[in-house]
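Structure assessment
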Amino acid sequence: MTIQLVDLKKQYESIKTEIDAVVAEVLSKTAFIGGSYVKDFEEAFARFCGVRHCIGVGNGTDALFIALKGLGIGSGDEVIVPANSFIATAEAVTQAGARVVFADINPGTYNLDPAGVEKKISPKTKAIIPVHLYGQPADMDPILALARKHGLKVIEDAAQAHDAEYRGRRVGSLGDCACFSFYPGKNFGAYGDAGAIVTDDESLARRARMFANHGRIDKYDHELEGINSRLDAIQAAILGVKLKHLPRWTEARRQNAYSYNRHLAGTGFTTPCEIEDIRAVYHLYVIRIPGERRGALQAHLQSKGISTGIHYPIALPNLKAYAYLNHPAAAFPEASKASREILSLPMYPELREDEIEYIGKAINAFAV
């Protein structure tokens, strides 16, 4: 049996008729930039997230950068981000002209540890970017309380958490704004690069929309210098189709995760946890292998035709890109330890129970 880490073809085949029809429609109308397809998707996704505004942009990294610029964050400011995430979370801060400040993670959820965040707040701190990593919502209430206490903005990095919920509210509606990636491999992915910012703040929405469109609202009325970061109509139309299927796909991912939990219960390896009153959406299903056995387990699974991944093999502060910050090797113990022990198993809605059982048996055989 061969099992991929992600299988995008299976999903496309399940909605091929709908996708092909809407792409043909866009092509026939030559409506490639802006227009009704983008507007309709933005309105639908804003409703889905429970907010008033959605600004479609070129990708998830741009979404973070534009959100920071829209909030007026730049030179001389500091922004706190988790030490365990993809580099986009941190590099957007640097692109905006601010200084990235890393905080360690909760070893159970791999998300920001609120206690660690508070220790990093300084007079220069202007924002916190909690990442809902692997589709597990960050513990937002204490983070939002810290933000209120210190007058900080909160930008949710929801690139891996479409349709996740935190205490009855959808991710994306919790902070001052939220940023989504629609990279093809995401739970809710386009067929190319795409992203969005969602917010209830009308003023922020206007600034973000202007900045993403060369600093203008009307064609040649540029109020400021911006960038060119647009969600194109083909991707918007595709996302409009896929949004109708997202709740079903979310439930399939959750059931797959619970099936993994059952099959791996006797291995001694750590499986994902969910904090109280949240709904995780399992962009990734990440287990933890103590000691030096991860590489051996990967090789064992590969020999059985099972693909795996590591998200992420180097904690952000330990990357060469951030050597200039001069962090001691032991400065982020939880993120650094996790980077040596975590392993992502195949996860997508179309993954079958017999495939999960096969993976579980292979891991159990290794664990003995």
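Residues numbered from 1 in each chain as written. Predicted model: local features only at pLDDT ≥ 70, side-chain atom pairs only at ≥ 80, totals over all residues. Heavy atoms only, no water.

**Considering the sheet that holds strand 10 (residues 278-279)**
- Strand order in this open sheet of three strands is 7-6-10, and the pairing throughout is antiparallel. Of all the strands in the sheet, just strand 7 (169-170) and strand 10 have a single pairing partner and so form its edges.
- Taken together, the two bridges between strand 6 (residues 165-166) and strand 7 define a ladder with antiparallel strand orientation. Note on strand 7: the bridge partner recorded for E165 is R170. (Pairing = 2+ DSSP bridges. Helix = DSSP H or I, 4+ residues; strand = E, 2+ residues; numbered from the N terminus.)

**Structural notes on the packing of aromatic side chains**
- All chains considered together, the criterion is met by 18 aromatic pairs.
- Centre to centre, the rings of F41 and F188 are 6.2 Å apart; their planes meet at 45°, and the pair counts as tilted. Taken as a pair, F41 in helix 3 (residues 36-49) and F188 in the loop between strand 8 (177-181) and strand 9 (195-199) lie far apart in primary sequence, 147 residues in all. When sorted by exposure, F41 lands in the same class as F188, which is buried.
- Members of the aromatic cluster, connected to one another through ring pairs, are F41, F45, F48, F180, F182 and F188. (Phe/Tyr/Trp six-rings, centres within 6.5 Å; stacked < 30°, edge-to-face > 60°. Buried < 20%, exposed > 50% of the residue type's maximum accessible area, 1.4 Å probe, protein only.)

**Observations concerning the sheet that holds strand 8**
- Spatially, seven strands are ordered 1-9-8-5-4-2-3 in an open sheet, and the strand pairing comes out mixed. At either margin of the open sheet sits one strand with a lone partner, and together these are strand 1 (53-57) and strand 3 (99-103). Across this sheet, the average inter-strand angle for adjacent strands is 25°, counted without regard to direction.
- In this sheet, strand 5 (residues 153-157) lies alongside strand 4 (residues 125-128) in parallel orientation, the contact comprising two bridges. Bridge assignment links I128 to a residue of strand 5, and that residue is V154.
- The strands touched by helix 3 within the sheet are strand 1, strand 8 and strand 9, with strand 1 carrying the most contacts at an inclination of about 125°.
- In the packing of helix 8 (residues 202-212) onto the sheet, the strands contacted are strand 1, strand 8 and strand 9, and the crossing angle to strand 1 comes to about 15°. (Axes fitted to C-alpha atoms, helices over the stretch in contact; angles between N-to-C directions. Contact = heavy atoms within 4.5 Å.)

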